[in-house]
Amino acid sequence: MSTGKIVSVRVGRIRELPRPAWDHHEQRTWHSAYGKDEIAGRVRVGTLGLDGDEQADKRHHGGPQMAVLAYSAGHYPHWREMRGLESMGPGGFAENLTVDGLDEGSVCVGDVYEAGGVTLQVSQPRGPCAAISRWWNEPDMVKRSTETSRTGWYLRVLREGV
């Protein structure tokens, strides 16, 4: 089994955001907790995720099988090469855990990881949603993420802790 290192821990609150001009939806705003802020210090992790983290669309996000989202730190140099994404870094894919040393090619559904007093298990790959495109004002981000297999993965919490 692969090992990795957590380089950033993040949580986000639901907020109202303006829709990009190319997103021709009748509503001019959207609600999302996509923007995740880095936390300094320790955070409690329960079966539904990190304390202080929210999901605006609970039909498609969150819950025990999608309690924590992880994303590889190694993907960010690729994204920063693209026009308009030069500032993208940890949290750029709304992940809770930015990890070094792991990616979609090295993790498998069922893999178990320990971090502090928490035990996490890979539950499923992330299916990118429109929020990525809206957040970065880049209509093709969902397609680019999927085509390059730089999507991230969800974890369930086997043992709660800090």
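Here the structure is shown first, and the text comes after it.
The notes below deal with the structure included here.

The rules behind each value
Residues numbered from 1 in each chain as written. Predicted model: local features only at pLDDT ≥ 70, side-chain atom pairs only at ≥ 80, totals over all residues. Heavy atoms only, no water. 1 Å grid on protein atoms, 1.4 Å probe; cavity = no way out; pocket = protein on both sides within 12 Å on 5 of 7 lines; lining within 4 Å. Points joined across faces, edges and corners; volume = space filled by probe spheres on them. Helix = DSSP H or I, 4+ residues; strand = E, 2+ residues; numbered from the N terminus. Pairing = 2+ DSSP bridges. Core = buried A, V, L, I, M, F, W, Y, C linked by side-chain atoms within 4.5 Å. Buried < 20%, exposed > 50% of the residue type's maximum accessible area, 1.4 Å probe, protein only. Contact = heavy atoms within 4.5 Å. Phe/Tyr/Trp six-rings, centres within 6.5 Å; stacked < 30°, edge-to-face > 60°.

1. Some remarks on the layout of surface pockets
(1) Moving on: Of the voids in this model, the largest pocket is the one considered here, and its volume is about 470 Å³.
(2) Moving on: Looking at the lining of the largest pocket, the elements that each hand over two or more residues are strand 3 (29–32), strand 7 (68–72) and helix 2 (130–136).

2. Things to note about the sheet that holds strand 4 (residues 37–38)
(1) Moving on: In space, the seven strands of this open sheet follow the order 4-1-8-7-11-10-9, with mixed pairing throughout. In this open sheet, the two strands that pair with only one neighbour each are strand 4 and strand 9 (112–115).
(2) Moving on: For strand 7 and strand 8 (residues 97–100), the ladder comprises three bridges, and the chain directions are parallel. Opposite Ser72, over in strand 8, you have Val99 as the bridge partner.

3. A word on the nonpolar core
(1) Moving on: Core analysis: the biggest nonpolar cluster contains 19 residues, and Leu50, Val68, Leu97, Leu120, Trp153, Leu155 and Val157 have the highest contact counts within it.
(2) Moving on: Contributing elements (two or more residues each) for this core: strand 1 (5–11), strand 7, strand 8, strand 10 (118–125) and strand 11 (153–159).
(3) Moving on: Among residues more than four places away in sequence, those in contact with Leu97 are Ile6, Ser8, Val9, Val68, Leu69, Ala70, Tyr71, Leu120 and Leu155.
(4) Moving on: Counting 15 residues, the second largest nonpolar core, distinct from the first, contains Leu17, Met82, Ala94 and Ile132.

4. Some remarks on the side chain of Ser145
(1) Moving on: Note on placement: Ser145 falls in helix 3 (residues 141–147).
(2) Moving on: A relative accessible area of 0% places Ser145 in the buried class.
(3) Moving on: In contact with Ser145, not counting residues within four places along its chain, are Trp79, Phe93, Pro128, Arg150 and Thr151.

5. With respect to the pairing of strand 9
(1) Moving on: Here four bridges tie strand 9 to strand 10, and the two strands are oriented antiparallel to one another. The residue of strand 10 that forms the bridge with Tyr113 is Leu120.
(2) Moving on: Between strand 9 and strand 10, which pair antiparallel and follow one another directly, the connecting turn spans two residues, one of which, Gly116, has a positive phi of 60 degrees.

6. Some details on the packing of aromatic side chains
(1) Moving on: Within the structure shown, the criterion is met by four aromatic pairs.
(2) Moving on: Judged by centre distance (5.3 Å) and plane angle (35 degrees), the ring pair of Tyr34 and Trp135 falls under tilted. Of the two residues, Tyr34 is situated in the loop between strand 3 and strand 4 and Trp135 in helix 2; the sequence distance between them amounts to 101 residues.
(3) Moving on: The interplanar angle of 5 degrees and the centroid separation of 4.4 Å between the aromatic rings of Tyr71 and Phe93 together place this pair among those described as stacked. Separated by 22 residues along the polypeptide, Tyr71 in strand 7 and Phe93 in the loop between helix 1 (76–80) and strand 8 bring together distant segments of the chain.
(4) Moving on: On the accessibility criterion, Tyr71 (0% relative accessible area) is buried.

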